[in-house]
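Summary of the model geometry
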Amino acid sequence: MHDGDCGCLEAFAQGEGLLQDAACMEELEDRLHYFVEECDYLQGFQVLCDLHNGFSGVGAKVTELLCDEYSGKGILSWGLTPALSNVADSQRNAYRLMNTALGIVHLSTHSSLFCPLSLSGSLGLKPRPPVTFPYISYDASLNDHSSAILAAALDTLTVPYRLSSSQGSILHLAETLNFSGRKVAAAWVSVPFPALHGSSLPDALCTHRDVPWKPLASCRERKGSSCFAQSVVLRGVCKDRRSSTSAGRQPRSPLHACESTEHVLQHYLHTVFPGAFSTSHVLEQPCYTPPPYPQFFSPCLSRQGFLLDKPPTSSPAAVESIPVLAALQSAPLLHTLLYGLYKDLQKLNTRRCASFFSAGVEQDDFQEALHKLRTLSQCYETELEADESEDEADSD
């Protein structure tokens, strides 16, 4: 749809303008109708697009088209951003922020649910180190490394509606999270999920005071994070491996007393996130990691991605699969993300970005989008976030 670096989409309006071309729109609609007609049961659409460049405008127009033509179908949009950003170039950095803000506002408006997905530590002006994982040593500058991790997360997060055995749909998943105007969700992942080879799920969970996952929402991790609602998927842990408690002995914990892996996970979530609406799915199939999946795993992992009792004495074997724990959450963390982006955009001197607006975005429309971004952030505000916002205002 564009001719590489010579015709790159740098601004949101350039992406929108691409789909205002009659020939381009006709091609898109033809391809869309072809695949829709091939579906036995169309439950909805997944849209993956960049947020930081003009493709956020493409994604915005595509979701608007889908929303208009297929009302009643679920639309789950994923906004992708690089793990590393070039903050040295002030103009590109400003473009990145404005594209991201417009993308979030438009994609969340026309989608059933929108989820930012990135290993970046921040969407804002101040760069933060990328997300790290204890049993993966990846190079954030390599797209195949970061995309491999995000693919494992995406493959796991979509289990509730993607498998033929699944009871739910895209729309059902969205409706469990998007109540009260909360159209944005945060993704979390533990890749691989840390469990000793041969141990039970209760044993693995009892060793962690906090859930051993990391945020993929380009926002700093907060200890003791709460959430309003969540959809959690655990895969790659044998369902028969429930408890190591010997027969006739008192269970070592309430988790060890649960009758199934599903009950273990559900009990754990209710304990760690009291008051939150939690749905959970347990899938015995792991996430497979054959070539060309990068072998950036710790030598402390077995072929199946479980922790070894002791480091290997010889060269470690390639990891063929891994257990993964992932979640989509509607959480106060998103207030920090969205309001922080809003505050950074308030600091920008948009008059120096004349070329961005000359591409087709009106100043009034941009200010309206900023207002919507702030309103969206307030949907996730709790007393703690409100106090933090007041402290930031005082420091300003």
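The structure presented is a predicted model; accordingly, all values stated were derived computationally and were not measured.

With respect to the confidence of the model for the chain
Counting all residues, the mean pLDDT for the chain is 90, and 92% of those residues have values of 70 or more. Contacts for the low-pLDDT stretch residues 1-6, under 50 throughout, to residues beyond four places or in other chains number 7 contacts.

As for the sheet that holds strand S1 (residues 44-50)
Read from one edge to the other, the open sheet built from 3 strands follows the order S1-S2-S3, with strand pairing classed as parallel. Because the sheet does not close on itself, it has two edges, and the strands there are S1 and strand S3 (113-117). Each neighbouring strand pair of the sheet contributes to a mean axis angle of 15°, computed without reference to strand direction. Bridge count for S1 against strand S2 (residues 74-80) is 7 bridges, and the pairing is parallel. Residue pairing in the sheet places Gly44 in a bridge with Gly74 of S2.

Considering the pattern of salt bridges
The tally for this structure, following the rule as stated, stands at 9 salt bridges. Salt-bridge contacts for Arg162 lead to Asp155; the nearest nitrogen and oxygen are separated by 3.3 Å. Assessed through its relative accessible area of 39%, Arg162 is described here as partly exposed. Two residues, Arg303 and Glu320, come together in a salt bridge whose shortest N-O distance is 3.0 Å. Of this pair, Arg303 sits in the loop between strand S8 (287-288) and strand S9 (321-322) while Glu320 sits in the loop between S8 and S9, and the two are 17 residues apart along the sequence. The partly exposed category is assigned to Arg303, whose relative accessible area is 42%.

So, how was this worked out
Residues numbered from 1 in each chain as written. Predicted model: local features only at pLDDT ≥ 70, side-chain atom pairs only at ≥ 80, totals over all residues. Heavy atoms only, no water. pLDDT = per-residue confidence, 0-100. Contact = heavy atoms within 4.5 Å. Pairing = 2+ DSSP bridges. Helix = DSSP H or I, 4+ residues; strand = E, 2+ residues; numbered from the N terminus. Axes fitted to C-alpha atoms, helices over the stretch in contact; angles between N-to-C directions. Salt bridge = Lys/Arg side-chain N within 4 Å of Asp/Glu carboxyl O. Buried < 20%, exposed > 50% of the residue type's maximum accessible area, 1.4 Å probe, protein only.

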